[in-house]
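# Structural characterization, general
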Amino acid sequence: QVTLVESGGGLVQPGGSLRLSCAHSGRGFGRNDMDWYRQAPGREREFVASISSGYSSNYAVSVKGRFTISRDNDKRTVYLQMNNLKPEDTAVYYCHTRVSPTIEATLEFWGQGTLVTVSS
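Below is a short write-up of the structure. Residue indices follow the written sequence of each chain, beginning from 1 at its first position. Whole-chain, interface and lining totals are the exception, using all residues; otherwise, since this is a predicted model, local features are given only for residues with pLDDT of at least 70 and side-chain atom pairs are given and counted only at 80 or more. To get the side-chain values, all heavy atoms of the structure are used, and hydrogens and water are removed first.

## Some remarks on unusual backbone geometry
The residue Arg-76 is not glycine, and still its phi comes out positive at about 50°. Along the polypeptide, Arg-76 turns up in the loop between strand S7 (67–72) and strand S8 (77–82). Type-normalised accessible area, obtained with a 1.4 Å probe on protein chains alone, sets the label of each residue: buried when under 20%, exposed when over 50%, and partly exposed for intermediate values. Under the relative-accessibility criterion, Arg-76 is labelled partly exposed at 37%. Backbone geometry at Asn-84 places phi at a positive 50°, although glycine is not the residue there. The helix and strand labels rest on DSSP assignments: H or I over at least four residues marks a helix, E over at least two residues marks a strand, and numbering proceeds from the N terminus. Its place among the elements puts Asn-84 in the loop between S8 and strand S9 (91–99).

## With respect to the layout of surface pockets
Definitions used for this entry: grid spacing 1 Å over protein atoms alone; cavity, a set of points where a 1.4 Å probe fits but cannot get out; pocket, an open set with protein on both sides within 12 Å along at least 5 of 7 lines; lining residue, one with an atom within 4 Å of a point. Grid points are joined across faces, edges and corners, and a volume is the space filled by probe spheres set on the points. Considering only enclosed or pocket space, the largest pocket measures out at about 180 Å³ in volume. Forming the walls of the largest pocket are 13 residues, and the residues nearest its centre are Gly-28, Asn-32, Arg-98, Val-99 and Ser-100. Note on residue classes: Ala, Val, Leu, Ile, Met, Phe, Trp, Tyr, Cys and Pro are nonpolar, Asp, Glu, Lys and Arg are charged, and everything else, Gly too, is polar. For the lining of the largest pocket, the class distribution of residues is three nonpolar, seven polar and three charged.

## Points about the sheet that holds S7
On the basis of which strands lie adjacent, the open sheet formed by four strands has the order S1-S3-S8-S7 and antiparallel pairing. With one partner strand each, in any of the chains shown, strand S1 (4–7) and S7 form the two edges of the open sheet. Taken pair by pair, the neighbouring strands of this sheet meet at an average axis angle of 15°, ignoring direction. The pairing of S1 with strand S3 (residues 18–24) spans four bridges and is antiparallel. Residue Glu-6 lies in a different strand from S3, and its bridge partner there is Cys-22. What makes two strands pair is DSSP finding at least two bridges between them. Axis definition: a line fitted to C-alpha atoms, over the contacting stretch in the case of helices. Angles run 0 to 180 degrees between N-to-C directions.

As structure tokens, this is what we get:
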């Protein structure tokens, strides 16, 4: 019902910046809270940042002060601006959202991921 497509990943040197994008296919994007997660090699998927339909944001301690999440409802896109990147930020970054089509049901959707590699 909802398709999420990430883009913007790539190779960047430590201290550099990168902006990720996640395009949402649904008409109800503006009512959805959006999240970014990441998964490093050999590690479990971890929370990175979230932004609510009311534009309130939350961040993992490891990225707070360096990353900024934002959204453009007209473009149905959520962004993750990543500054002062560190090698430990290397991971596949995933876009995520939850949708409640009925009172009793909640669906979760994940993008396919975009790879961020921080290395000199």
